[in-house]
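# Fold and contact review
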Amino acid sequence: EAVVGYNFDNGFGLSAGRSLSYLGWEAYDPINKYQISNAYDQNGPQDIYDGYRDGGMVSYSNDQFAASVWLGFDQDGSDDSANWEYMIAFTGIENFVAKAILANDPDPDGHDIHTIWASYTFGNLLLAAEVAEKDFEAASDDDIEGWLVMGAYSVTDKLGLTVRYSEEEIGTKDYEKITFSPNYAITDELSGRIEYSSEDLGGNDSDLFAAELIYRF
């Protein structure tokens, strides 16, 4: 990620460079996640959200809401159409955030994505919910729909637990997933996380066990 920008005194801002898409509740990088696996991962690590992109953005924010428009262009020059992403967020209630994002990418597979999510923090408990959809232009590609609910609780200053339930529909196939992921801060820089996920893959059950260490610097 490499971005240059300028913020005006009236809430407006301009930026350009390589930045992460606003799409989705779940973070792209492991260091910012509440668990190890993604909710929508039947076709790969991430089925719905976009990742990093190159382009420019104009944004506005105040105490009640925020909005942005991002515009980019195809990386390989195969399509002259623009990539775009619109975001609007409501932040007018303390500890509550709601975001709606709509994006389009014409290359290489031509798709629209929209995600709507909300989160609320009450003491040591964070609650979040999302609905997401990825629609392809080609009739031969299966559209993807997903939703999730999640809770993350800080048991102590060092110990936390995340519980997530999600469903994903790809074409006519349905998938369900429930995740339990405790985490522990070993030091200020080093933390550990484990995950157990139980998945119903269109009638076939699957279990995931995973562990990771994260070092912040």
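Notes on the structure follow. (Residues numbered from 1 in each chain as written. Predicted model: local features only at pLDDT ≥ 70, side-chain atom pairs only at ≥ 80, totals over all residues. Heavy atoms only, no water.)

### What about the nonpolar core?
- Ranked by size, the top nonpolar core spans 23 residues in total, and within it W25, Y40, I48, Y49, L148 and M150 carry the most contacts.
- For this core, the secondary structure elements donating two or more residues are β5 (82–90), β6 (96–105), β7 (111–122), β8 (125–136) and β9 (144–154).
- In contact with Y40, not counting residues within four places along its chain, are P45, Q46, D47, I48, Y49, E130, A132, G146, W147, L148, E167 and E168. (Core = buried A, V, L, I, M, F, W, Y, C linked by side-chain atoms within 4.5 Å. Buried < 20%, exposed > 50% of the residue type's maximum accessible area, 1.4 Å probe, protein only. Helix = DSSP H or I, 4+ residues; strand = E, 2+ residues; numbered from the N terminus. Contact = heavy atoms within 4.5 Å.)

### A word on unusual backbone geometry
- Phi is positive for N95, which is not a glycine, with a value near 70 degrees.
- Looking at the secondary structure, you find N95 in the loop between β5 and β6.

### Re the environment of D207
- Within the fold, D207 resides in strand β13 (residues 204–215).
- Sequence separation of D207 and T179 is 28 residues, and the distance between their C-alpha atoms is 9.9 Å.
- Apart from the residues lying within four places of it in its own chain, the contact partners of D207 are Y196, S197 and S198.
- Side chain to side chain, D207 and Y196 meet in a polar contact 3.0 Å long. (Polar contact = N/O pair within 3.5 Å; in protein donor to acceptor, adjacent residues only side chain to side chain.)

### Considering the side chain of T179
- Mapped onto the elements, T179 comes out in strand β11 (residues 173–185).
- When sequence neighbours within four positions are dropped, the list of residues in contact with T179 reads Q35, S37, T162, V163, R164, E195, Y196 and S197.

### Quick notes on the environment of Y40
- Inspection of the secondary structure assignment puts Y40 in the loop between β2 (12–20) and β3 (52–61).
- As for Y40 and D207, which are separated by 167 residues in sequence, their C-alpha atoms are 15 Å apart.

### Remarks on the pattern of salt bridges
- For the coordinates displayed, the defined rule picks out 5 salt bridges.
- Between D41 and K177 there is a salt bridge; the shortest N-O distance is 2.8 Å. With a gap of 136 residues between them, D41 in the loop between β2 and β3 and K177 in strand β11 connect regions that are remote in the sequence.
- For R193, the salt bridge identified is with E212, shortest N-O distance 2.6 Å. Taken together, the residues span a long stretch of sequence, with R193 in strand β12 (residues 190–201) and E212 in strand β13 at a distance of 19 residues.
- By relative accessible area, which is 9% here, R193 ends up buried. (Salt bridge = Lys/Arg side-chain N within 4 Å of Asp/Glu carboxyl O.)

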